[in-house]
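Here is what each chain is made of, one letter per residue.
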Amino acid sequence: ALVSPSQGSPFGRGRMGRLYRNYGKTYKNPRRPFEKERLDQELKLCGEYGLRCKREVWRVQFQLAKIRHAARTLLTLDEKDPKRIFEGGAILRRLTRLGLLDETKQKLDYVLGLKVQDFLERRLQTQVFKLGLAKSFHHARVLIRQRHIRVGKQIVNIPSFMVRVDSQKHIDFALTSPLGGGRPGRVKRKHQAAKDKKEKGGDAEAEDEE
């Protein structure tokens, strides 16, 4: 049956105008869903880095596969090819900025040697734990999601945020957070109010007795 524009279409224009969706893939499911070695390795990574689910591992694997594919394609070209010089330089600069490659490894061959763990090490969740702001990876995730962590002046509440090398030293507690000297939390304020009320009540009783 035909759907009139006033009723709203699932594909294009509806009552609220055009529907904009991002159909780009961010992860890829494994080809063999029940491969024991892969399942054990993914579970180990989830435990080591405090990941929410295996989809976070798949997302990093997908990013790594795209970068490695681009590097492999460029390596087939001649060293003096303008495309290889321009695009290869851009990939190396980007990876160096993220801390995935250092200054001594400025070749496309090193891009092929990158691992999933290298990407997971640069996540904000990992960096918060390594800097000693959290007691564990899971605690780091909670702090980030509850908006206690900032990078520079910006509060970041995404645990998978990739930290650049120059931003690493600017990770700290948010100025609005109780942990960073801000206003006390809701529960602490509630307890303080109850304590003050109790003290006032005690003072009033003492005055009455006098």
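As shown above, the structure is provided for reference.
Residues numbered from 1 in each chain as written. Predicted model: local features only at pLDDT ≥ 70, side-chain atom pairs only at ≥ 80, totals over all residues. Heavy atoms only, no water.

Engineer: Provide a residue-level description of the packing of aromatic side chains, including the pertinent values.
Structural biologist: Each pair of aromatic rings is reported with the distance of its centres and the angle of its planes. Under the defined criterion, the tally for this structure stands at 3 aromatic pairs. Clustering of aromatic rings is evident, with ring pairs tying together Tyr 49, Phe 129 and Phe 137. (Phe/Tyr/Trp six-rings, centres within 6.5 Å; stacked < 30°, edge-to-face > 60°.)

Engineer: Outline helix H1 (residues 36–49), supporting the account with residue identities and numerical values.
Structural biologist: Here H1 spans 20 Å end to end across 14 residues, near enough to the 20 Å set by a 1.5 Å rise per residue. Where H1 is concerned, the buried positions are Arg 38, Glu 42, Leu 45, Cys 46 and Tyr 49. In a view along the axis of H1, the buried residues occupy a sector of 100°, so they form one face of it. Facing away from the buried side of H1, by more than 90 degrees, are the exposed residues Lys 36, Glu 37, Leu 43 and Lys 44. Taken together, the buried residues of H1 touch helix H2 (54–75), helix H5 (116–121), helix H6 (124–130) and helix H7 (137–145). At the exit of H1 stands Gly 50, carrying a positive phi of roughly 65°. (Helix = DSSP H or I, 4+ residues; strand = E, 2+ residues; numbered from the N terminus. Expected span 1.5 Å × (residues − 1). Buried < 20%, exposed > 50% of the residue type's maximum accessible area, 1.4 Å probe, protein only. Arc of directions from axis to C-beta. Contact = heavy atoms within 4.5 Å.)

Engineer: Provide a residue-level description of the sheet that holds strand S4 (residues 154–155), including the pertinent values.
Structural biologist: Pairing between the strands of a sheet comes from backbone hydrogen bonds, and it takes one of two forms, parallel or antiparallel. If you trace the 3 strands from one edge of the open sheet to the other, you get S4-S3-S5, paired in antiparallel fashion. Bordering the open sheet on either side are S4 and strand S5 (171–173), each of which pairs with just one other strand. With 2 bridges joining them, strand S3 (residues 149–151) and S4 adopt antiparallel strand pairing. Bridge assignment links Arg 150 to a residue of S4, and that residue is Ile 155. (Pairing = 2+ DSSP bridges.)

So, to be careful, I would describe these as geometric facts and stop short of saying anything about function.
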